[in-house]
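Secondary and tertiary structure notes
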Amino acid sequence: MGYETILFEKEDGVLTITLNRPDKLNAANDTMLSELQDAFKQAGRDQEVRAVILTGAGRGFCAGQDLGNVKERLDTGGRMDYGAHLRHTYNPLILRIRQLPKPVIAAVNGVAAGAGMSLVMACDLRLAAESASFLQAFVRVGLVPDSGSTWMLPRLIGMARAAEMMLTGRRISAQEAYEWGLINKVVPDDALMEDARKLAGEFANAPTKVIGYIKRALDYAATSSLEEALEYEADMQELAGRTNDHLEGLRAFLEKRPPKYTGT
Ligand code: LHQ
């Protein structure tokens, strides 16, 4: 895959996407944003991919929007239309990750700031290295949280803490993020990728189609009434009940053997 700003590696059903501008803490420029959209599109199309890991090269995960990029445009008099930029780049990317019918694991190797933190939250599960950290950097540069942060962060850590992070821009450690429920696990730095690959490997043998339905049901329930969620669960269960993997799960249980899921 001829990407400039990300690495794209597929092995044993697991696609690893690595943000790769380490000298800028993997800050996102236009090329990276369009390459990420493309990579997640490929992940959706490729039947062999049954789990995705998103991580960063070097000492950062992602420092958010490349501010050098923004400044260049200011210097040349071409003021950037932030609304249009978000609508064309980050917003579709965040939706693509949420709507990918496969599990996405963030392996947060270092600092995740601004829209970089939004990217982490768009993933389904989050592992972080001990030395990783998180900040809603937006306010520090006079901006509003974006790329889904206002929607995702209060749902993960509650309003009080979300407001604190957003209004102060304070950087929190991986341990604090874990205690607040922002991430699923903190691991020693040198064990991060091994842990992420192990988890992704388990997902590569899981009932992938059903995992896609679970993602849909969770996101639907986040903005619906109980009645609507019950209805949606019934719809998703109807679909899950028709998968090969459900049948295999039932057979394996009754035959007292481990299931062999194909993701179909
Ligand atoms: C960077 C960046 C960066 C460029 C570090 N850009 N170079 C959406 C739509 C439209 C408009 C705007 O925004 C958005 C969404 C957003 O994401 S807004 C928020 C943008 N991000 C930030 O404000 C974070 C800026 N970075 C930082 O505050 C710090 O770098 C953090 C706290 C992330 C890390 O601090 P340190 O560990 O002390 O590293 P550092 O500051 O020394 O950075 C290392 C290098 O990376 C440095 O370059 P240099 O050439 O001096 O070594 C930085 O300039 C560069 N870098 N973030 N976003």
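Structure shown above.
Bear in mind that the values here come from a model prediction, so they are computed numbers and not experimental data.

**Comments concerning the nonpolar core**
If you look at soluble globular proteins, the nonpolar side chains tend to sit buried side by side. By size, the foremost hydrophobic cluster in this structure holds 49 residues, and its most contacted members are Leu36, Phe134 and Leu182. Discounting residues that sit within four places of it in the chain, Leu36 has contacts with Ile6, Ile17, Leu19, Leu54, Leu93 and Leu119. Of all hydrophobic cores here, the second largest spans 15 residues; its members include Val187, Leu192, Phe203 and Ile211.

**So, the sheet that holds strand S9 (residues 172-173)**
Here we have four strands laid out as an open sheet, ordered S4-S6-S8-S9, and mixed in their pairing. The two strands at the open ends of the sheet, each matched to only one other strand, are strand S4 (60-62) and S9. Taken together, the three bridges between strand S6 (residues 111-113) and strand S8 (residues 133-135) define a ladder with parallel strand orientation. Considered in S8, the bridge of Ala113 is made with Leu135. Most of the contacts of helix H5 (residues 115-122) go to S6, to which it runs at about 105 degrees, and overall it touches S4, S6 and S8.

**Side note on the site of the ligand**
The ligand sits among 25 residues. The nearest are Arg59, Ala63, Gln65, Leu67 and Ala115. The contact in question runs from a nitrogen atom of the ligand to an N or O atom on the backbone of Leu67, over 2.9 Å. Look at the ligand: alone it shows 1000 Å² of surface, and the protein chains cover 69% of it. Of all the secondary structure elements, the ones that give two or more residues to the shell around the ligand are helix H2 (67-75), helix H3 (82-88) and S6. Sorting elements by how many residues they give to the shell around the ligand places H3 first, with three residues.

Parameters at a glance
- Residues numbered from 1 in each chain as written.
- Predicted model: local features only at pLDDT ≥ 70, side-chain atom pairs only at ≥ 80, totals over all residues.
- Heavy atoms only, no water.
- Core = buried A, V, L, I, M, F, W, Y, C linked by side-chain atoms within 4.5 Å.
- Buried < 20%, exposed > 50% of the residue type's maximum accessible area, 1.4 Å probe, protein only.
- Contact = heavy atoms within 4.5 Å.
- Pairing = 2+ DSSP bridges.
- Helix = DSSP H or I, 4+ residues; strand = E, 2+ residues; numbered from the N terminus.
- Axes fitted to C-alpha atoms, helices over the stretch in contact; angles between N-to-C directions.
- Near = heavy atom within 4 Å.
- Polar contact = N/O pair within 3.5 Å; in protein donor to acceptor, adjacent residues only side chain to side chain.
- Areas by Shrake-Rupley, 256 points an atom, 1.4 Å probe, with all protein chains shown as cover.

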